[in-house]
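# Analysis of the macromolecular model
One letter stands for each residue in the lines below.
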Amino acid sequence: MSAEAADREAVTCSRPCTPPQTTWFEFLLDEALLEKHLQKPSPDPSPVQLVIQFLEQASKPSVNEQNQVQPPADNRRNRTLKLLALKVSAHLKWDLDVLEKGLSIPVLNMLLNELLCVSKVPPGVKHVDLVLSTLPPTTAMAVLIYNRWAIRTIVQSSFPEKQTKPGPHQLNMLNHVQQEKELTENILKVLKEQADDSIMVLKGVLGIKKDFYIHTMRTLDLLAAESCTANGETECSTAGLKISADELHCQVHYDLGAVFFQQGSSDPLAYEKAREHFLKTRECLAKFDGRALHCRIDEKRLAGYWNACGVLTGSSEIGGTQMPLYTQIHSFIKSGNFEGLIECFVKDNITFSLPSYFRQSVLREFVHKAQQGDRAADEICYKLCACNAVRDALEGQVISVRFRQFLLKPNKDKIDFLLEVCTRSLDKDHASETSKRNMAAFLKSLCESLEDLQLVFMISSHELFMVLLKDEERKTLLDQMRKKSSTVSLCTKPLPSFYDIPASASVTIGQLKHQLILSLDPWQIRQILIELHGMAERQFWRVSSKWEVPPDYLGVILGIKDNLTRDLVYILMAKGLHSIAIKDFLHARQLFTACLELVTEFSPKLRQVMLNEMLLLEIRAHEAGTGTGTNRDRPPPDLVSRVRGYLEMRIHDIPLRQIIGEECVAFMLNWRENEYLTLQVPVGLVQNNPYVKLGQLLAATCKELPGPKESRRTAKDLWEVVVQICSISSQHKRASDGRISLIKQRESSLGIMHRSNFVTFIKKLREPLVLTTLISLFVRLHSIVRDDIVNEVTAEHISIWPISLPNLQSVDVETVAVTMKELVNYALTLNPNNHSWLITQADIYFVTNQYSAALHYYLQAGAVCSDFFTKTVPPDVYTDQVLKRMIKCCSLLNCHTQVAVLCQFLREVDYMTAFKALQEQSSHDAMDSFYDYIWDMTILEYLTYIHHKRGENEKRQIAIKAIGQTELNASNPEEVLQLAAQKRKKKFLQAMAKLYF
């Protein structure tokens, strides 16, 4: 082999292999392949290409033995291909925007006609003659989709022709493009002839207030799997994707508006109809407020339609906010609404939608009025000129001479307005750096052009000025202004510094306090405090009652001798703590960092305090960033090391907050640092810190799970600690006759912490195993103190705990019950899909006689582990005990037919309970509608007997019909009978879920 050939082979081998494209016939061979393929991020072929391939293959003509071309055969292969095309469209949620973009008119016509066919739309009947409200939901929706497409296609065909999309070649002709063009023209001709009927159908939909259902992949499978009744009223009719009536009406109003607008060229009155429908569309969209799930409206196109309708009908609302900006401005000028005019100019400083020459022309119009003696125009001229000057500044343009002329006679009101326009025209969070630099240069040049030092200080002390200009720039500018003031006039007072501002200055102490309260910038807070201390000697850390510092630190901070430093440390810490509370961790980090740098210079004690608080900040920021999901990122090793360092800290005279210790222990438990807590934590720390001790016991117990024998030793220690926390002590008093009476019960002082602190600590835990361990402990404790064997609450790992208490009277039953409920409720907020916790919650409701709520959680536990009962519920979830409790709940709710159905779920069918339930004549459930879910022949035969005995012939016939189902025939193989039972179980549980969810 030559060197060149070897190089070519090496390059070829190094290229990644492109997976082969899935071909259409592979989906026929594997039923599950389609759903897997569509779930890919970028499936190849795409969904639209699949529709084209499936319909192309299904519509291929056949050739008989005489070599004659025959129409496509109606066989199983072609029917399956059409079904696959429908399923792909269902995956796309029948989004006409997507389908119209990817499919040609003939292909989409074929697809939607197939949808009408499978949806049992009566053949040979005009759609306009159908009463949609009486049809099954999916049937009505199919009619609606077809007629929406019909008028949308008519509208689209009136636009300039686009490039032809690929489509199936239905006839064996050489010129496929020409054939498809002719076919498209024929379809359009038919659609246009039926346009009035389609419009009437859509108008009729607007009168239907109930929700619609559209076919999904599942309902299409159901249609293929089982035959429907004569009128198409099957389970699949209401099992599809729910489309709310409001969203549907919004979409229909838009489509009707578009078709009426298209008809307006020949019928001017149609524009009025179009405007009415577009108005309804806008109202619906405003009501949705961006929360529409299935409504697809091009809002820019809608706005264009609306504006065009306003012009064509002459019905634009004067001054309306929905009018084009030019129209608004002209309307404001005409009506004399100058405030609205100025507002338009200020808003345009952000959007830059008006060209500069237009803005200047408006200004010239008012200048002309002012020159003719209109005094009201003088003020408007300045305001418009100021808006234009700010716009020019933001764009980096030269400021106009007219604005400079206005500034020859400045005053406070003019500067106030100018600063307001500057502030509103610059979005500090989203503006570009260029815009910020341009605005800073404008404000700087403004200061340099003014001679009145009070006005200069108004600008230099403004919040926007302080944000945009750096400290050095501000200082340099003020120095220049002082020099200028001394050279211009000897009698002019020098520019006031921060320390000698007179009380009558335009920026008062009150304004600076307001800025101090609002600011989160450490540098700006420092500058404001410097100014305030230059004006008056006060305790400015008391400005806001919302600024709170933990009592542990108050003495250290207030002991700082320098007043400015004390105020700054207090305010930075208070604002940082507030930022943490509202989860604004970015500002909290900035504030704490600045405070740490400040206190490091003079107080090692406060430096350690700030390091501790920054550790708490990082813990909470990490927990907030990772959330409660299963794929949470582990904390960085540095953070874990800092937490260990805090727990082991032995620095004396450092004020410590209890909450930081709690958070550190909870953090270690949440991230399964069990080795450290059980083996490496210092012994003295365990003895002195109750949270560390509790964390060590929890870690040791969790570490040895799930082996019950090994974990019982550590579990016993944890048990004893929790029992002490839940214990009470009684005070007695001897009466005058010598008898002893009980005075008061209070929380025992023997526990390592109070119950309230214990519950607060529990609610910092997120690790499922830790929470499961605590839940099982309290469930066992609850069972012992309640002493009711029949109505016990269940939980995982309950066998590791002791089965008795030596001093039962010392434990507060109410405390145990309340803590258990709080713990389970909190756990379910973290993970509402944990079936074990759901069963425990259901048991709690069951033992407290809340049977409807208990059923809700029993059903929810089954739903989360069976994909909403589409799979079999695991037997370890629905044990016989759980099923018997569900039966009892139904019985006590007087839902006796549900009792009979549930009796079949037990490992051994409970005929006695089922028969007793069926004998009840007063039942609060749907009774005979549940007979379809009974598969046990003995129960069905008893039903026929009981109804015959009562003379209830209709119900007896329903029971007989249920018996006569072929899949329940006793001669069937066991697999068939089991399959029939499983099918009925799933449907029954789904029906129950709809009742109790």
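First, a word on what this report is: a plain description of the structure on this page. (Residues numbered from 1 in each chain as written. Predicted model: local features only at pLDDT ≥ 70, side-chain atom pairs only at ≥ 80, totals over all residues. Heavy atoms only, no water.)

### A short note on the packing of helix 40 (residues 835-847) against helix 42 (residues 880-892)
Packed helices, taken two at a time, are described by the angle their axes make and the gap between the axes. The following threshold applies: Each axis is a line fitted through C-alpha atoms, and for a helix only the stretch in contact is used; angles between axes span 0 to 180 degrees, taken between their N-to-C directions. Secondary structure counts use DSSP, requiring at least four H or I residues in a row for a helix and at least two E residues in a row for a strand, with both numbered from the N terminus. By the definition adopted for this analysis, an angle is roughly parallel if under 35 degrees, roughly antiparallel if over 145, roughly perpendicular if from 65 to 115, and oblique otherwise. Each crossing is labelled by how the near helix is turned from the far one, with a counterclockwise turn of less than a right angle marking it left-handed and a clockwise turn marking it right-handed. Should any heavy atoms of two residues lie within 4.5 Å, those residues are counted as being in contact. Three residue categories are used. Nonpolar comprises Ala, Val, Leu, Ile, Met, Phe, Trp, Tyr, Cys and Pro, charged comprises Asp, Glu, Lys and Arg, and polar comprises the others, including Gly.
Packing of helix 40 against helix 42 brings their axes to within 12 Å, and their N-to-C directions diverge by 40°. Compared by their axis directions, helix 40 and helix 42 come out oblique. Here the hand of the crossing between helix 40 and helix 42 comes out left-handed. Taking contact as the criterion, the partners of Ile-839, Asp-843 and Phe-846 in helix 40 are, on helix 42, Val-882, Arg-885, Lys-888 and Cys-889. Each residue belonging to the contact of helix 40 with helix 42 can be placed in one class, and the counts come to 4 nonpolar, no polar and 3 charged.

### Quick notes on unusual backbone geometry
In most cases, non-glycine residues show a negative phi, while peptide bonds are predominantly trans. Basically, it comes down to this: Relative accessible area decides the class of each residue, using a 1.4 Å probe on protein chains only: under 20% of the type maximum gives buried, over 50% gives exposed, and in between gives partly exposed.
The phi dihedral of Lys-120 is positive, around 65°, even though this residue is not glycine. Inspection of the secondary structure puts Lys-120 in the loop between helix 7 (105-118) and helix 8 (137-157). According to the relative accessible area criterion, Lys-120 is partly exposed, its value standing at 42%. One non-glycine residue, Lys-583, lies in the positive phi region at around 60°. With respect to the element layout, Lys-583 can be found in the loop between helix 28 (563-581) and helix 29 (585-600).

### Some remarks on the nonpolar core
Definition in use: Among buried residues, those of type Ala, Val, Leu, Ile, Met, Phe, Trp, Tyr and Cys that are joined through side-chain atoms within 4.5 Å constitute a nonpolar core.
Counting residues in each nonpolar core, the largest one holds 163 residues, and the members touching the most others are Leu-647 and Tyr-878. When sequence neighbours within four positions are dropped, the list of residues in contact with Leu-647 reads Gly-661, Cys-664, Val-665, Met-668, Tyr-676, Leu-685 and Val-692. Judged by nonpolar contacts, the second largest core, of 81 residues, contains Leu-34, Val-121, Tyr-146 and Ile-199.

### Considerations on the packing of aromatic side chains
For clarity, the threshold we go by: Within 6.5 Å between ring centres, the rings of Phe, Tyr and Trp (the latter by its six-membered ring) count as paired, and their orientation is classed by plane angle as stacked under 30 degrees, edge-to-face over 60, tilted in between. Only Lys NZ and Arg CZ are tested; either one counts as a charge over a ring when it is within 6 Å of the ring centre and within 35 degrees of the ring normal.
Applying the stated criterion to the full structure yields 24 aromatic pairs. For the ring pair Phe-905 and Phe-988, a centre distance of 6.0 Å and an interplane angle of 55° mean the geometry is tilted. You can see Phe-905 sitting in the loop between helix 43 (896-903) and helix 44 (911-918) and its partner Phe-988 sitting in helix 47 (residues 974-996), a full 83 residues away along the chain. For the pair Phe-905 and Phe-988, a shared accessibility class is recorded, and that class is buried. Among the aromatic residues, ring-to-ring pairing joins Tyr-254, Phe-261, Tyr-271, Phe-278 and Tyr-305 into one connected group. Lys-369 extends its terminal NZ or CZ atom over the ring of Phe-366, reaching a point 4.9 Å from the ring centre. The residue whose ring lies beneath Arg-391 is Phe-352, and the NZ or CZ to ring-centre distance is 4.7 Å.

### A word on the pattern of salt bridges
Proximity of charged atoms lets side chains of opposite charge pair with each other. Selection criterion: In what follows, salt bridge is the name for a side-chain nitrogen of Lys or Arg lying within 4 Å of a carboxyl oxygen of Asp or Glu.
All chains considered together, the criterion is met by 30 salt bridges. Two residues, Asp-255 and Arg-152, come together in a salt bridge whose shortest N-O distance is 3.6 Å. Note that Asp-255 is positioned in helix 12 (residues 245-263) and Arg-152 in helix 8, a separation of 103 residues in sequence. For the pair shown, Asp-255 and Arg-152 are each scored as buried. A salt bridge links Arg-907 to Asp-880, with the nearest nitrogen and oxygen atoms 3.6 Å apart. On the criterion of sequence distance, the pair formed by Arg-907 in the loop between helix 43 and helix 44 and Asp-880 in helix 42 is long-range, its members being 27 residues apart.

### Details of helix 21 (residues 433-449)
Spelled out, the test is: To estimate how far a helix should reach, multiply one less than its number of residues by 1.5 Å. Starting at the helix axis, one direction is taken to each C-beta atom, and the arc is that of these directions.
The terminal C-alpha atoms of helix 21, which comprises 17 residues, lie 24 Å apart, in line with the 24 Å expected from a rise of 1.5 Å per residue. Every buried residue of helix 21 is listed here: Ser-435, Met-439, Ala-440, Phe-442, Leu-443, Leu-446 and Cys-447. In an axial view of helix 21, the angular spread of the buried residues amounts to 160°, which keeps them on one side of the axis. Exposed residues on helix 21 whose side chains face more than 90 degrees from its buried face are Glu-433 and Arg-437.

### Describing the environment of Ala-245
For Ala-245, the position within the fold is in helix 12. In this structure the C-alpha to C-alpha distance between Ala-245 and Lys-210, which are 35 residues apart in sequence, comes to 5.9 Å.

### A look at the packing of helix 44 against helix 45 (residues 937-950)
The interhelical angle for the contact between helix 44 and helix 45, taken along N-to-C directions, is 25°, at an axis separation of 11 Å. In terms of orientation, helix 44 lies roughly parallel with respect to helix 45. Relative to helix 45, helix 44 is oriented so that their crossing is right-handed. In contact with Tyr-911, Ala-914, Phe-915 and Leu-918 of helix 44, helix 45 contributes Thr-938, Ile-939, Tyr-942, Leu-943, Ile-946 and Arg-950.

### Looking at the side chain of Glu-662
Of note, Glu-662 is situated in helix 32 (residues 658-670). Glu-662 sits in the buried class, given a relative accessible area of 5%. Once residues within four sequence positions are removed from consideration, Glu-662 is found in contact with Tyr-691, Thr-760, Phe-761 and Lys-764.

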